[in-house]
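# A structural walkthrough
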Amino acid sequence: MEVTNVTEYQAIAKEKLPKMVYDYYASGAEDQWTLEENRNAFSRILFRPRILIDVSKIDMTTTILGFKLSMPIMIAPTAMQKMAHPDGEYATARAASAAGTI
């Protein structure tokens, strides 16, 4: 299965994770105001498709806080990842390192 967006990841997680674990990951604190604001903010980000553009040599490297990254994507601190995978945070750190980001 090819996953193309966050909503699809969420549906797969709901299928695969125990209900208590999924509910923990899918929820926010208290009244979940910040969770809703984050969703609203992301929904306002629009991408302008580029058609018939040569994308064979794209360079997404950037520098953030003095660190050279392979792409302008970083992983935010998260906790309790071992509820979903035995390697938890270690697996995420290894994946970020392998991708050349932090």
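Calculation criteria
Residues numbered from 1 in each chain as written. Predicted model: local features only at pLDDT ≥ 70, side-chain atom pairs only at ≥ 80, totals over all residues. Heavy atoms only, no water. Helix = DSSP H or I, 4+ residues; strand = E, 2+ residues; numbered from the N terminus. Rg over C-alpha atoms; globule rule 2.2 N^0.38 Å. Contact = heavy atoms within 4.5 Å. Areas by Shrake-Rupley, 256 points an atom, 1.4 Å probe, with all protein chains shown as cover. Lys, Arg positive; Asp, Glu negative; His and termini not counted. Charge placed at Lys NZ, Arg CZ, Asp CG, Glu CD. Buried < 20%, exposed > 50% of the residue type's maximum accessible area, 1.4 Å probe, protein only. Salt bridge = Lys/Arg side-chain N within 4 Å of Asp/Glu carboxyl O. UniProt positions renumbered as here; feature names shortened; annotations may be inferred. Polar contact = N/O pair within 3.5 Å; in protein donor to acceptor, adjacent residues only side chain to side chain.

## Things to note about the overall build of the chain
Secondary structure assignment for the chain yields four helices and two strands. In sequence order, the secondary structure elements of the chain are arranged as α-α-α-β-β-α. The C-alpha radius of gyration of the chain comes to 17 Å, more than 25% above the 13 Å expected for a compact globule of 102 residues. Sequence separation of at least 24 residues holds for 40% of the intrachain contacts in the chain that already meet a minimum separation of 6. For the chain, the exposed area adds up to about 9,100 Å²; of that, 62% sits on carbon and sulfur atoms. Across the chain, 11 positive and 12 negative side-chain charges occur, with their mean positions spaced 6 Å apart.

## Remarks on unusual backbone geometry
With phi around 45°, Glu-30 is a residue other than glycine that occupies positive phi space. Judged by relative accessible area, which is 82%, Glu-30 ranks as exposed. Backbone geometry at Gln-32 places phi at a positive 65°, although glycine is not the residue there. Assignment of secondary structure puts Gln-32 in the loop between helix H2 (19-26) and helix H3 (33-43).

## A look at the pattern of salt bridges
Across all of its chains, the model carries two salt bridges by this definition. A salt bridge links Lys-19 to Asp-23; the nearest nitrogen and oxygen atoms lie 2.6 Å apart. Here Asp-23 and Lys-19 lie together in helix H2, a separation of four residues that amounts to about one turn. Under the relative-accessibility criterion, Lys-19 is labelled exposed at 63%.

## Overview of the UniProt feature "domain: FMN hydroxy acid dehydrogenase" (unreviewed entry) in the chain
Mapped onto the present numbering, the UniProt feature "domain: FMN hydroxy acid dehydrogenase" (unreviewed entry) falls on residues 1-102. In this annotation, residues 1-102 is assigned 41% helix and 6% strand; the end-to-end C-alpha distance for the span is 27 Å.

## Points about the environment of Pro-18
Positionally, Pro-18 belongs in the loop between helix H1 (6-16) and H2. The spacing of Pro-18 and Ala-76 is 58 residues in sequence and 24 Å in space, taken between C-alpha atoms.

## Regarding H1
Among the eleven residues of H1, zero are classified as buried, and the element is accordingly described as predominantly exposed. A side-chain oxygen of the first residue of H1 lies 3.1 Å from the backbone nitrogen of Thr-7; this N-cap is Asn-5.

## Side note on the side chain of Thr-101
Relative to the helices and strands, Thr-101 is located in the segment after helix H4 (88-99). Residue Thr-101 is classed as buried on the basis of its relative accessible area of 10%. Here Ile-73 takes part through its backbone oxygen, which lies 2.3 Å from a polar atom of the side chain of Thr-101. Those residues within four positions of Thr-101 in sequence are excluded, and the remaining contacts are Leu-69, Ser-70, Met-71, Ile-73, Met-74 and Ala-96.

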